[in-house]
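# Structure assessment
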Amino acid sequence: MKSFYHFMMRYRGNKQLDDARRLADWMFYDHDFPKHSHDYYEISSYLEWHTPFPEAIATYDHLWEEYIDEEKP
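Computed from a predicted structure; not experimentally measured.

### Digging into the pattern of salt bridges
- Enumeration according to the criterion identifies seven salt bridges in this entry.
- For the salt bridge of E70 with K2, the shortest nitrogen-to-oxygen distance reads 3.3 Å. With E70 in helix α4 (residues 56-71) and K2 in the segment before α1 (4-8), this residue pair connects regions lying 68 residues apart in the sequence.
- Put simply, E70 and R10 hold a salt bridge, and the shortest N to O gap is 2.5 Å. In this pair, E70 sits in helix α4 while R10 sits in the loop between α1 and α2 (19-29), placing the two residues 60 residues apart along the sequence.
- When salt bridges that share partners are traced, they join K2, R10 and E70 into one network.

Criteria and cut-off values
Residues numbered from 1 in each chain as written. Predicted model: local features only at pLDDT ≥ 70, side-chain atom pairs only at ≥ 80, totals over all residues. Heavy atoms only, no water. Salt bridge = Lys/Arg side-chain N within 4 Å of Asp/Glu carboxyl O. Helix = DSSP H or I, 4+ residues; strand = E, 2+ residues; numbered from the N terminus.

Printed below as a string of structure tokens:
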């Protein structure tokens, strides 16, 4: 199973500057982001303490669902 960070890198550099791209770009540049994590609560807690923009947590919740659906065995 790939990490959530790895899943998110598909959104980096998208032509459209939407919240998914904003979150992916921020994750890429934040050296303390838990890049190897597969744990919803670990990432959610990190975002609550280091949120890069107001919609980041809602964006994360939406993208986490996509991540789980894609990573199901």
